[in-house]
Amino acid sequence: MTQRARDFGLICGIMEPGPLNAITDVPGVKLGHHTLRDGDILTGYTALLPHDGNLFRRKMRAAVDIINGFGKSAGLMQIAELGQIETPLLLTNTLAVGTGFDALVTRALAANPDIGRGTGTVNPAVLECNDGYLSDIRARALTQDHAFAALDAAATGPVAEGAVGAGAGMSAFGFKGGIGTASRRFALDGSDFRLGVLALANFGNAGDLVLPDGRRPVPPETRPQAERGSVILVIATDAPLESRQLHRVARRGGAGLARLGAFWGNGSGDIALAFTTAGSVDHDEPKDIVSLRALNENRIDTLFRAATEATQEAVLNAMIAAPATTGRDGHHRPSLGDWLRANAG
């Protein structure tokens, strides 16, 4: 069974996690991976679906925060402007963004014959990190079928973490990086709500990582280098927020990264996208004025803390679950999980 941060006594913050301690604790959210391992190819797609229906017709309120903008993701400009997502989210490597874009367009056109005819076009959301240290990114090995496989694999329940999907070839703080997740639960007006984070961890200088207990793991044979990594955070909640509030919550993902020792270097693409499953935006809404439920702004600190703590833990879970990996041209990344087992007690 894959170990996680809490198995080593690493507790991030004070809030209670959800039952799975995963983004899929948020009702309706599904996650799927497709991993490609073939010689020097260590890459893949990770797909996140906010609900089972047609996202183009039933959009989710969303927001994006560009912590540091050295990145090549697609679809973020319209999300920032309109405060909505209208396709599933795909995570992948930098040079596979276009293929993921095409895959999402293909699915949206098939489900919505009026796109580009009787209504507007579609805004696919694809987010990326550069896995080129461990994987031959120039091979451009990922295809639309690989993206479709990740979308079709999306499910509720426990989440595979570590070197899976988009995380197959990622690195973090000189260790093997990858996909990780965590969640927090909280009460509002006497009802239970969830906030979950999915992290694609590919950032941080070796030696900068700070664990919740204060230890600073340093991988062997560490050499100083510029920060050129990236991290993608997807934050989901079932609490009712409007897009401006979601932007404020997304920004707190950066606080979770800072707790780990990150400083968002010049060459790092650090992006946080947040959405809520509480209600939707009807593409075919006939009314001129619609009602909107939203959180009392004076209660938003609860979600700020939840996003911070779950981000910190999601990254640690990604690194702990990922095994030591040797990839392209013999490049190697050790496992934080192995380091913790060797330094237990």
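Residues numbered from 1 in each chain as written. Predicted model: local features only at pLDDT ≥ 70, side-chain atom pairs only at ≥ 80, totals over all residues. Heavy atoms only, no water.

Take the pairing of strand β12 (residues 269–276) next. With respect to burial, β12 is a largely interior element, 8 of its 8 residues being buried. Both faces of β12 are covered, namely the face carrying G269, I271, L273 and F275 and the face carrying D270, A272, A274 and T276. Examined bridge by bridge, strand β3 (residues 58–69) and β12 share 7 bridges and lie antiparallel to one another. The partner of A62 across the bridge, within β12, is F275. Judged from the 8 bridges that link them, strand β11 (residues 230–237) and β12 form a sheet pairing that is parallel. Across the sheet, T237 pairs through a bridge with T276, a residue of β12. (Buried < 20%, exposed > 50% of the residue type's maximum accessible area, 1.4 Å probe, protein only. Helix = DSSP H or I, 4+ residues; strand = E, 2+ residues; numbered from the N terminus. Pairing = 2+ DSSP bridges.)

Take the pairing of strand β1 (residues 30–38) next. Where β1 and strand β2 (residues 41–49) come together, 9 bridges link them in antiparallel fashion. When the sheet's bridge partners are listed, R37 is paired in β2 with L42. From the end of β1 to the start of β2, which pair antiparallel, there are 2 residues, and G39 there has a positive phi angle of about 65 degrees.

F186, L195, F203, V249, L316 and L336 are the most contacted members of the largest nonpolar core, which has 50 residues in total. A total of 11 residues in this core trace back to one element, the largest contributor, which is helix α6 (residues 301–321). With sequence-adjacent residues up to four places away left out, F186 is seen in contact with M15, S191, D192, F193, R194, L195, T237, A239, T302, L303 and A306. I85, V164, M170 and L273 belong to the second largest nonpolar core, which has 31 residues in total. (Core = buried A, V, L, I, M, F, W, Y, C linked by side-chain atoms within 4.5 Å. Contact = heavy atoms within 4.5 Å.)

It is worth spelling out the packing of helix α2 (residues 97–111) against helix α3 (residues 144–153) at this point. The description of two helices packed together rests on the angle between their axes and the distance between the axes. The geometry of α2 relative to α3 is characterised by a closest axis approach of 8 Å and an angle of 60 degrees between their N-to-C directions. The pairing of α2 with α3 is recorded here as oblique in orientation. In the crossing of α2 with α3, the sense of the turn from one axis to the other is right-handed. Counting all contacts with α2, which are made through T99, D102, A103, L104, T106 and R107, the residues of α3 involved are Q144, A147, F148, L151 and D152. (Axes fitted to C-alpha atoms, helices over the stretch in contact; angles between N-to-C directions. Parallel < 35°, antiparallel > 145°, perpendicular 65-115°, else oblique. Left-handed = near helix turned anticlockwise from the far one by under 90°.)

Those residues of α3 that sit buried are H146, A147, F148, A150 and L151. Buried residues in α3 make contact with β1, β2, β5 (89–93) and α2.

Turning our attention to the sheet that holds β2. With mixed pairing, 4 strands are arranged side by side in an open sheet as β1-β2-β5-β6. Both edges of this open sheet fall to β1 and β6 (125–129), since each of them pairs with a single strand only. Recorded for the sheet is a direction-independent mean angle of 15 degrees between the axes of neighbouring strands. One ladder, built from 3 bridges, connects β2 with β5; its direction is antiparallel. If you follow T46 over to β5, its bridge partner there is L91. This element, α2, spans β2, β5 and β6 of the sheet and lies at about 160 degrees to β6. Taken strand by strand, α3 contacts β1, β2 and β5, and its axis lies near 145 degrees from that of β1.

As a further point, take the pattern of salt bridges. Across all of its chains, the model carries 20 salt bridges by this definition. Taking the shortest distance from any N to any O, the salt bridge between R57 and D114 comes out at 2.9 Å. With a gap of 57 residues between them, R57 in the loop between β2 and β3 and D114 in the loop between α2 and β6 connect regions that are remote in the sequence. For the salt bridge of D192 with R185, the shortest nitrogen-to-oxygen distance reads 3.1 Å. Residue classification places R185 among the partly exposed residues on the basis of a relative accessible area of 27%. (Salt bridge = Lys/Arg side-chain N within 4 Å of Asp/Glu carboxyl O.)

If you walk through the whole model with that rule in mind, you get 2 aromatic pairs. Centroid distance F173 to F203: 5.1 Å. Interplanar angle 65 degrees. Geometry classified as edge-to-face. Remark: F203 occurs in the loop between β10 (191–202) and β11 and F173 occurs in the loop between β7 (171–172) and β8 (175–176); sequence separation between them is 30 residues. Residue class for F203 comes out buried when judged on its relative accessible area of 3%. Between the aromatic rings of F186 and F193, the centroid separation amounts to 6.4 Å while the plane-to-plane angle is 20 degrees, which identifies the pairing as stacked. Per residue, the accessibility class of F186 equals that of F193, and both read buried. Taking NZ or CZ as reference, K59 lies 4.0 Å from the ring centre of F56, over its face. Geometry around Y133 places R333 over its ring, the cationic atom sitting 4.0 Å from the centre. (Phe/Tyr/Trp six-rings, centres within 6.5 Å; stacked < 30°, edge-to-face > 60°. Lys NZ or Arg CZ within 6 Å of the ring centre and 35° of its normal.)

This part is about the environment of L10. One can find L10 in the segment before β1. With 203 residues separating them along the chain, L10 and D213 place their C-alpha atoms 6.8 Å apart.

A separate point is empty space enclosed by the protein. Tallied over the full model, the rule gives 2 cavities of 30 Å³ or more. Empty space within the largest cavity amounts to approximately 50 Å³. Along the walls of the largest cavity sit I41, T43, N93, A96, S135, D136, I137, R140, A141 and L142, which together make up its complete lining. In this model, the second largest cavity occupies a volume close to 40 Å³. Residue lining of the second largest cavity: K59, Q78, L82, Q84, I85, E86 and N123, and that is the complete set. (1 Å grid on protein atoms, 1.4 Å probe; cavity = no way out; pocket = protein on both sides within 12 Å on 5 of 7 lines; lining within 4 Å. Points joined across faces, edges and corners; volume = space filled by probe spheres on them.)

Remember, this is a structural readout, not a statement about activity or role.
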